Amino acid sequence: MPIYKIAVGSPSEASHPDALRAALAEFFSMIIFVFAGQGSGMAFSKLTDDGSTTPAGLIAAALAHAFGLFVAVSVGANISGGHVNPAVTLGAFIGGNITLLRSILYWIAQLLGSVVACLLLKFATGGMETSAFSLSSGVSSWNALVFEIAMTFGLVYTVYATAVDPKKGDIGVVAPIAIGFIVGANILVGGAFEGASMNPAVSFGPAVVSWTWTNHWVYWVGPFIGSTVAALVYDNIYIGDNAHHPLSANDF
């Protein structure tokens, strides 16, 4: 990974109207996504009188997250690029598609959006718990870490292939659908084991509102490792130096 692709950005970018609008778009997109995803789990819990997770509940969660992310990415795509995930933002930064300063703005907006969504859910449901991500019985933190690395690799690889690659052509139109689908599919795989976050902000909001931090590090370290590996692999093998064109904020 040539170092020249990575850009820090100028201090003025932190207060530039375009950067602030993009961060605000990430904030609203994250609220939409977390409200739908976390809310689906709370609704299922109410319908089953706080019963244990069932295959039907897992499928419902996968669909809610897939649909919610599809919408959240779509509504933010023309403003911020529709990252809706600190791990995706990290992957974009590593590939030289976003500056460090703008990445930090996005991370702050994404984390705040997740917390606000969880607070809204808690208020709207009369105080129901927004459950923090946790490991299932028999699943170690290292098992969960591997799950998060592998699933986030697939997510960010999909983002690069459908949204970042300058050669994407018409397939860029279906990027939000593909991104939503890979998240939904991964939830069907890892949801029963460790929740299948793939997104530090999605894990952060429920952890703050419920103040539950057990094994929380897994949901940061795993996605960041998976994102980094995916960005390095796709950018170096399939984009390369000759085809690399840093994207504007309007493109990603």
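Residues numbered from 1 in each chain as written. Predicted model: local features only at pLDDT ≥ 70, side-chain atom pairs only at ≥ 80, totals over all residues. Heavy atoms only, no water.

The protein chain goes by Tonoplast intrinsic protein in an unreviewed UniProt entry, where it is assigned to Erythroxylum novogranatense. Among the UniProt annotations of the protein chain, the heading Subcellular location (unreviewed entry) holds the following wording: "Membrane". In the Sequence similarities (unreviewed entry) part of its UniProt record, the protein chain is described as follows: "Belongs to the MIP/aquaporin (TC 1.A.8) family. TIP (TC 1.A.8.10) subfamily." (UniProt positions renumbered as here; feature names shortened; annotations may be inferred.)

Asker: What am I meant to see in the packing of helix H1 (residues 17-47) against helix H7 (residues 200-210) here?
Answerer: The relative placement of two packed helices is expressed as an angle between their axes plus a distance between the axes. Two elements in contact, H1 and H7, have axes whose closest approach is 11 Å; the angle formed by their N-to-C orientations is 65 degrees. One finds that H1 runs roughly perpendicular with respect to H7. Of the two possible hands of crossing, H1 and H7 adopt the one that is right-handed. Contacts from Met30, Phe33, Val34 and Gln38 of H1 reach H7 at Ala201, Val202 and Pro206. In terms of residue class, the contact of H1 with H7 is built from 6 nonpolar, 1 polar and no charged. (Axes fitted to C-alpha atoms, helices over the stretch in contact; angles between N-to-C directions. Helix = DSSP H or I, 4+ residues; strand = E, 2+ residues; numbered from the N terminus. Parallel < 35°, antiparallel > 145°, perpendicular 65-115°, else oblique. Left-handed = near helix turned anticlockwise from the far one by under 90°. Contact = heavy atoms within 4.5 Å. Nonpolar A, V, L, I, M, F, W, Y, C, P; charged D, E, K, R; others polar.)

Asker: Any chance you could explain the packing of aromatic side chains here in plain terms?
Answerer: Within the structure shown, the criterion is met by 14 aromatic pairs. Each residue in the set Trp107, Phe204, Trp211, Trp213, Trp220 and Phe224 is aromatic and connected to the rest through ring pairs, giving one cluster. (Phe/Tyr/Trp six-rings, centres within 6.5 Å; stacked < 30°, edge-to-face > 60°.)

Asker: Could you clarify how one ought to interpret the confidence of the model for the protein chain in this entry?
Answerer: Low pLDDT means the predicted atomic positions in that stretch should not be read closely. The pLDDT averaged across the protein chain works out to 90; a share of 92% of its residues lies at or above 70. Note that pLDDT drops below 50 for residues 244-252; the model gives that stretch 28 contacts with residues more than four away or on any other chain. (pLDDT = per-residue confidence, 0-100.)

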